[in-house]
Amino acid sequence: MGMFYNDYDILSGSGWMQNKADKVFEFVKTLQSRGCGITGIGMQAHIDTKFGPLMDGVAANMKRYADIGIIVHITELDIACPDCSSSSAARNT
C-alpha cells in the first residue's frame, strides 16, 4: 500500500485552504522526489453545506496529486448543515 501523509484543511486548493494545501503539496512532492516511499495523501473533509464555492479547488487539488502519481484518499468525511433546523434533522435520523 505504501506510505500516506494525512492532514486536515488541505482538501481544496482554493479559498481559505489554499495556503496550507499548497505547502503540503510541495512537502509531499519533496518527499516523493527524495524517494521516501510516499505513495498517497489522505485529506480530511470537515465541511458544511456552504462549501460549494471551494469544490473546483478540490478537483484541481486532487488532480495535481494524481499528476505526480500520488493516490488521493478522503480519510474523514463529515458535512455539517448549519441552516438545518433541529426539527428537520431529527426527522431524517
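In case you missed it, the structure is sitting above this.
Visitor: Looking at this model, I keep getting lost on the packing of helix H1 (residues 18-33) against helix H2 (residues 55-67). Mind explaining?
Guide: Packed helix pairs are specified by the crossing angle of their axes together with the interaxial distance, meaning the distance between the axes. Here H1 crosses H2 at 10°, and the two axes come no closer than 11 Å. Put simply, H1 runs roughly parallel to H2. Contacts between H1 and H2 involve Ala21, Asp22, Val24, Phe25 and Val28 from the first element and Asn61, Arg64 and Tyr65 from the second. Classifying every residue of the contact of H1 with H2 gives 5 nonpolar, 1 polar and 2 charged.

Visitor: How should I be thinking about unusual backbone geometry in this particular structure?
Guide: Leave glycine aside and you will find that most residues have negative phi; peptide bonds, for their part, are mostly trans. The backbone of Asp9 shows a phi angle near 60°, a positive value even though the residue is not glycine. Inspection of the secondary structure assignment puts Asp9 in the loop between strand S1 (3-7) and H1. Classification of Asp9 as partly exposed rests on a relative accessible area of 27%.

Visitor: I keep staring at H1 and nothing clicks. Help me out?
Guide: In an α-helix, one turn spans 3.6 residues; hence positions three or four apart end up facing the same way. With 16 residues, H1 should reach 22 Å at 1.5 Å per residue; the first-to-last C-alpha distance of 22 Å fits that figure. Here H1 has its buried residues at Ala21, Val24, Phe25, Val28 and Leu31. Buried residues of H1 fall within an arc of 125° about the axis and therefore sit on the same side. In H1, the exposed positions that point more than 90 degrees away from the buried face belong to Asn19, Lys23 and Ser33. If you follow the buried residues of H1, they end up packed against S1, strand S2 (38-48) and H2. Trailing H1 by a residue or two, Gly35 shows a phi angle of about 70°, which is positive.

Visitor: What is the right way to look at the nonpolar core in this model?
Guide: Across soluble globular proteins, you tend to see nonpolar side chains buried next to one another. Counting 18 residues, the largest nonpolar core has Leu11, Val28, Ile41, Phe51 and Tyr65 as its most contacted members. Counting residues per element, the ones that place at least two in this core are H1, S2 and H2. Excluding its chain neighbours within four sequence positions, the residues that come into contact with Tyr65 are Ala21, Val24, Phe25, Val28, Ile41, Met43, Ile70 and Val72.

Visitor: What am I meant to see in the side chain of Ser12 here?
Guide: By secondary structure assignment, the location of Ser12 is in the loop between S1 and H1. A distance of 2.9 Å separates a polar side-chain atom of Ser12 from the backbone oxygen of Leu54. Apart from the residues lying within four places of it in its own chain, the contact partners of Ser12 are Met17, Gln18, Ala21, Phe51, Leu54, Gly57, Val58 and Asn61.

Visitor: Please clarify how the environment of Arg64 should be interpreted in this entry.
Guide: Of note, Arg64 is situated in helix H2. For the pair Arg64 and Gly13, spaced 51 residues apart in sequence, the C-alpha separation works out to 9.5 Å. Setting aside anything within four residues of it in sequence, one finds Arg64 in contact with Ala21, Asp22 and Phe25.

Analysis parameters
- Per chain, the residues get numbers from 1 upward, laid out in the order the sequence is written.
- Predicted model: local features are reported for residues with pLDDT of at least 70 only, side-chain atom pairs are reported and counted for 80 or more only, and whole-chain, interface and lining totals are derived from all residues.
- As a convention, hydrogens and water are excluded, and side-chain values are obtained from all of the structure's heavy atoms.
- Axis definition: a line fitted to C-alpha atoms, limited for helices to the stretch in contact. Angles are taken between N-to-C directions and run from 0 to 180 degrees.
- By definition, any uninterrupted DSSP run of H or I lasting at least four residues is a helix, any uninterrupted run of E lasting at least two residues is a strand, and each is numbered from the N terminus.
- Roughly parallel means an angle under 35 degrees; roughly antiparallel, over 145; roughly perpendicular, 65 to 115; everything else is oblique.
- Contact between two residues is taken to exist if any of their heavy atoms lie within 4.5 Å; hydrogens are not considered.
- Put simply, Ala, Val, Leu, Ile, Met, Phe, Trp, Tyr, Cys and Pro go in the nonpolar bin, Asp, Glu, Lys and Arg in the charged bin, and everything else, Gly too, in the polar bin.
- Remark: exposure states derive from per-residue accessible area (1.4 Å probe, protein chains only) relative to the maximum for the residue type, with buried under 20%, exposed over 50%, and partly exposed in between.
- Take the residue count of a helix, subtract one, and multiply by 1.5 Å to get its expected span.
- This arc describes the spread of directions from the helix axis toward the C-beta atoms.
- In this description, a nonpolar core means a group of buried Ala, Val, Leu, Ile, Met, Phe, Trp, Tyr and Cys residues linked to one another through side-chain atoms lying within 4.5 Å.
- For this analysis, a polar contact is any N or O atom pair within 3.5 Å, provided that within protein one partner can donate a hydrogen and the other can accept it, and provided that sequence-adjacent residues contribute only side-chain to side-chain pairs.

Purely spatial values, then, with no claim about function.
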